[in-house]
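Now for the letters of each chain:
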Amino acid sequence: MKKTLLGNYAASWGAQLSRAQVISAYPITPQTLIVEKLSEIVADGKLDAKFIKVESEHSAMSGCIGASATGARAYTATSSQGLALMHEMLHWAALARLPIVMTNVNRAMAPGWSIWADQNDSLSQRDTGWMQIYASSSQDILDSTILAYKVSEKLLLPTFITFDAFFLSHTLEVVDMPPIEDVDKFLPPYNPEYKLDVNDPRSFGALTSEEHYYEFRYKMQKAMEDAIPVIKEAGREYEKLTGRYYDLIHPYRCEDADLVLVTSGTIAETTNVAVDELRKEGKKVGNLKIRIIRPYPKEDILRVIQKCKKIAVIDRNISCGYHGIFAQELKSALYNEKEIPVWGYIIGLGGRDVKIEDIKNIADETLKNDTPRDLIWKGVKL
Amino acid sequence: MKLTIPEREIMQPGHLACQGCGGSLAMRYALKVFGKDTILTIPACCWSVIDGPFPYTAVGVPLFHTAFETAAIMASGIKAGLDIQGKTSTNVIAWAGDGGTFDIGIASLSGAAERNDDITYICYDNEAYMNCLSLDSLIMTKNGLKKITEVKLGEEVYAYNQKTGELTLKKCIGIFDNGVKKVFEVNTLHHTIKATSNHPFLVLKRNGRGKKSYFVWKELKDLMEDNEIVVLKKLMPGKGFKFNPIKLSKKGDYKVNKINEIEIPEASSENLMELLGLYVGDGWVRPQKAEVGFALPKNSKGSEKLISLYKEVFNQNLVQKDESYIYVYSVNLAKFIDSLGFEKGAKNKIIPAWVFTLPEHEKEAFVRGLMLSDGYKFKNSNRYVSASYDLLRTLRLLLQTIGYQVGKIHQQTKKKGTLCVYRQLLEDSTYGYISFSKKKKPNISKYLSQLKQRDFLADNEYFSTEKVTSIKFIKEEPTLDLRVEGEHNFIADGIVVHNTGIQRSSATPHGAWTTTTPVKHYKKGRKKNIVEIMAAHRVPYTATASVGYPEDFIKKLKKAKETRGFKFLHVLAPCPTGWKSDPKYTVKLAKLAVQTDVFPLYEVEDGIHYRQTIKVKERKLVTEYFKYQGRFKHLKEEEVEFIQKKIDEDYKILLKKFQ
């Protein structure tokens, strides 16, 4: 069934179709609509779930952890400041191996107060052990939520789906909603082996000496490594159901490209259009959309870019003191593997618009240049 | 007799609680009531450790460890997860210490209370505080003068009997490492001590004619120059010391081809002590070379005396072959001397503890020996020189115990080549000297009142008072303190000091907090009244409880279990470690807190119906509660009075609320 949905509502629908059982959330612009909608749905009885109206995002994640630990499917949503506030509990959820799914709206970190698109918030959480999906359309958001539960519950690692504030959260798009019966077939109820169960009393998360902690981390990493085939397998299964396939990367016209642009989020969708235009101009440019950065799809990326001559990474973020984060990660993937010059571009921080012309401009600049640079700021008004 | 406390045990033994832990007692009662259909969540607090490390657990029910500030919300999340799965009968308990409840955890606590989530939150409340002496303080123990770091638990130390003014022996019942603190030096004419600003000294309060003078405990920071403090004058007469038998080598042992058959004395004697005095000044020992040596020139007074003493003690003839040194080669003698504890090296020698337990004549002999080596007469007094500061400190205290008055330790540097006693210095050396002379026995009967002007305790055999000459800040250093039973004071560096417990307490005994990662901090104000805060949230049920009143606690636990919505219990759980109390008094203290109205037992329904659940029949004063706790020991009388007043006021206010 097709509907026009705001990105935020696509997220709510995702949670609803996934039959989330406990929602523990705190409002923050521009995510507010997600939880408001869910609260409404639960109150109306359309979704059989418990809604905990927590007093902070830290508690939002804690509530999810408690619920997930009992074997319930937990969900929450947040953005920038809220995501930062729950940072401690993000570590907790991942180390506790709880398959919580969260929606994050990529919003700039304060101060100055900015409610607009910027990826620094989600990228600051790279080391917590969460799988990270960068959605670029409302359809993507809805489908990714369902896929995330499937994959998380198999691997026992939490996932968050993140997408650009306002450009996606508050934009209407056409979304094809799979019927709930299909989703139920794809996503059975959550049934973990270990949970808080009075018939099998155990302690979780006790004092752990150096004798055991190391192995816990090892197992976590192993789970992340196993995630890559699991994600693809789930993607294929979902494709059979809906006709839509989701992978860790989505290359567009990269097979014969001289220059590959590496993008994520809404910029990726804009870049697809830019690539078509550049091609018409005779330039052999391709777009590599990175959808999942944790686990990092190193092998997939290497396969796609193996024949290209130049790479330009477009980051809507920056790790101050170094350079764009997607650029950093890409370079480290190439090291010891392939020698291809990489240009790093910064654009659109704090919600500044990124137009098709901007992308074409980046492509032209890279094609003309021979010396790669790590950090090129686009459109600085100083 | 009707048993109101369920017999079944849910919690198992083998957990890691301290002896006498109130918190473990509280958990045991709680689990007895709630039973197996319970899930616990515990944030960072003692119980994070008490339950045992991975892979062990003691509670017997599912337990989810959680982050410090999240106890309440974690319980809410667990409850929601269980409810949605239809497991609605399971009790969910958030079990937290006071930090995770009052401070960092208050936001999530308030959220859960406001939502009226169907969980039980039990806060087990233990409170703690501290204060201290420098690590090189020398304590007068039954076994002699020891460094504070060497005092053993249970060892008897000398103390000042505050009622009779007598010297008494009391057991040390606690040794506390109080971390790095700012340390100050207090000097009197004959004594020096290093302590923290809140360490109490016994100060004389002189009142005019017709009024009684008396002693009060004053903290270092309130001490002023010319304040008269109580110091040790003399120790009780000692007995000869029996040496610990050492394993003697015999011919045939590894590397022992021939043996110098020497009779090692079993106990101390005057002659031996004089010989050891000489040894401290001029001798050395090299046990690996089986060598004992003395730096005494041939035919000098010292060398002749040594030879004669040696004959008396060991029944052997010493022969001096070298011009400047006498050597004795005997593996057993070397072992013996080495075992006595004088340490090695000119800069490191000290007087070991056991010398302080000797009878006066043996101590005098020791001093004679010392004087023969590095001492000399200077005008009307004696002087002893040494490169070892610690030796001078301990000697000063030793001399004071046998009736000498000793001046302060003077330090000086002498350049290389200077003639020092018998020989020239090989390099620049810093050393000190002390002057001492026998105290004249004052005519107490005739001039007592005049004598008392100078020394209030002139007629006291063991103690005197001395004026404080200076107080200055030294530096920040690690500190320790002792807890002494009974008198709660001991003698450090010759000065009578109070044992510790706390410093600036708050207006009420409730004040601060410890967590599993001991972050010790203290407050001057009242602690938050958490039950009132919960009542303000209009939660269905909230109550105070004490492990000293288990049946009352059980009743409240049962009520919590049967009530739907948010329940909060505040349980007083004494902590012997933090409260500096004897573990055997945990229940007693938990009772006294209630009997003194420090922790009244009551419950509140719907935030408005207050009911007192235990009416104290014989109300006791707060001093009775403080008596068993080291942490309140330093409180001044005025402070205790103030606290008593606050307790009385707060209780009056609470009384009005009861229906």
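What you are looking at is a predicted structure, and each value in this text was computed from that prediction instead of being measured. (Residues numbered from 1 in each chain as written. Chains lettered and ligands numbered in written order. Predicted model: local features only at pLDDT ≥ 70, side-chain atom pairs only at ≥ 80, totals over all residues. Heavy atoms only, no water.)

This part takes up the overall build of chain B. Scanning chain B from terminus to terminus reveals 17 helices and 30 strands. For chain B, the proportion of contacts with a sequence separation of at least 24, taken over those separated by at least 6, is 71%. A total accessible area of about 29400 Å² is found for chain B, and carbon and sulfur atoms account for 52% of it. (Helix = DSSP H or I, 4+ residues; strand = E, 2+ residues; numbered from the N terminus. Contact = heavy atoms within 4.5 Å. Areas by Shrake-Rupley, 256 points an atom, 1.4 Å probe, with all protein chains shown as cover.)

Our next topic: the pairing of strand β13 (residues 228-232) of chain B. All names here are of chain B. Counting buried residues in β13 gives five out of five residues, a clear majority hidden from the surface. Residues E228, V230 and L232 of β13 are buried on one face, and the alternating residues I229 and V231, pointing to the opposite face, are buried as well. Where β13 lies against strand β24 (residues 463-484), five bridges are found, and the strand directions are antiparallel. Bridged to E228 within β24 is K467. (Buried < 20%, exposed > 50% of the residue type's maximum accessible area, 1.4 Å probe, protein only. Pairing = 2+ DSSP bridges.)

What follows concerns the packing of aromatic side chains. Under the defined criterion, the tally for this structure stands at 34 aromatic pairs over all chains. Ring centres 5.3 Å apart and planes at 70 degrees place the aromatic pair F216 of chain A and F54 of chain B in the edge-to-face group. With one member in each of two chains, F216 of chain A in helix α9 (residues 210-242) and F54 of chain B in the loop between α2 (46-50) and β2 (63-65) form a pair that bridges those chains. Using a relative accessible area of 32% as the deciding quantity, one classes F54 of chain B as partly exposed. Put simply, the rings of F241, F243, Y279, F294, F336, F342, W354 and F366 of chain B touch in pairs and so form one group of aromatic residues. In this structure, R631 of chain B packs its charged tip against the face of W579 of chain B, placed 4.1 Å from the ring centre. (Phe/Tyr/Trp six-rings, centres within 6.5 Å; stacked < 30°, edge-to-face > 60°. Lys NZ or Arg CZ within 6 Å of the ring centre and 35° of its normal.)

Across the boundary between the two partners, chain B contributes 41 residues, which contact 38 residues of chain A. Carbon and sulfur atoms supply 70% of the area that chain B and chain A bury against each other, a total of about 2900 Å² over both sides. Of all residues in chain B, F54, F64 and I84 of chain B give up the largest surface area on contact with chain A, accounting jointly for 24% of the area buried on that side. Along the contact surface separating chain B from chain A lie one salt bridge. Where R115 of chain B meets E55 of chain A, a salt bridge forms, and the shortest distance between an N and an O atom there is 3.2 Å. Contributing elements (two or more residues each) for the side of chain B that touches chain A: β1 (38-42), α2, β2, α3 (71-84) and α5 (106-115) of chain B. Among the elements that take part in the side of chain B that touches chain A, α3 of chain B stands out by supplying 10 residues, more than any other. (Buried area = accessible area lost by both parts, 1.4 Å probe. Salt bridge = Lys/Arg side-chain N within 4 Å of Asp/Glu carboxyl O.)

Turning next to the packing of helix α6 (residues 270-282) of chain B against helix α9 (residues 360-374) of chain B. Residue and element names in this part refer to chain B. Two elements in contact, α6 and α9, have axes whose closest approach is 7 Å; the angle formed by their N-to-C orientations is 35 degrees. As α6 runs across α9, the sense of the crossing is right-handed. Within the contact between the two elements, α6 uses E270, M273, E274, L276, G277, L278, V280, G281 and D282 and α9 uses H361, E362, A365, F366, R368, G369, L370, L372, S373 and D374. The class makeup of the residues in the contact of α6 with α9 is eight nonpolar, five polar and six charged. (Axes fitted to C-alpha atoms, helices over the stretch in contact; angles between N-to-C directions. Left-handed = near helix turned anticlockwise from the far one by under 90°. Nonpolar A, V, L, I, M, F, W, Y, C, P; charged D, E, K, R; others polar.)

Take the side chain of Q595 of chain B next. As for its position among the elements, Q595 of chain B is in helix α15 (residues 586-595). Residues within four places of Q595 of chain B in sequence aside, it is in contact with Y549, V616, E618, R619 and K620 of chain B.

Residue and element names in this part refer to chain A. Reading across from one edge, β3-β2-β4-β5-β7-β6-β13 is the order of the seven strands in this open sheet, with mixed pairing throughout. Strands with a single pairing partner mark the edges of an open sheet, and in this sheet they are β3 (50-53) and β13 (292-294). Going from strand to strand, the sheet's axes swing by 20 degrees on average, the running direction of each strand aside. Across five bridges, the pairing between strand β4 (residues 74-79) and strand β5 (residues 101-106) is parallel. When the sheet's bridge partners are listed, T76 is paired in β5 with M102. On top of the sheet, helix α2 (residues 32-43) reaches β2 (22-25), β3, β4, β5 and β7 (159-164); it is set at about 135 degrees to β3, its chief contact.

Before going further, it helps to spend a moment on the state of the cysteines. By the definition in use, this model includes zero disulfides over all chains. There is no disulfide at C575 of chain B, and the cysteine sulfur nearest it, in C46 of chain B, is 6.2 Å away. (Disulfide = S-S within 2.5 Å.)

To continue, consider the confidence of the model for chain B. All names here are of chain B. Taken residue by residue, chain B gives an average pLDDT of 85. The fraction at 70 or more is 93%. Here residues 501-524 is a poorly scored stretch, pLDDT under 50, and it has 92 contacts once near neighbours within four places are set aside; other chains count. With pTM at 0.64, the complex prediction returns an ipTM value of 0.88. (pLDDT = per-residue confidence, 0-100.)

The next subject is the sheet that holds strand β16 (residues 326-329) of chain B. Residues and elements named next belong to chain B. Here we have three strands laid out as an open sheet, ordered β14-β15-β16, and antiparallel in their pairing. Looking at the sheet topology across the chains shown, the edges are occupied by β14 (283-286) and β16. Between one strand and the next, the sheet's axes are offset by a mean angle of 15 degrees, whatever the strand orientation. Sheet topology note: the strand β15 (residues 291-294)/β16 ladder contains four bridges and is antiparallel. In the strand pairing of β16, E291 is matched with Y329.

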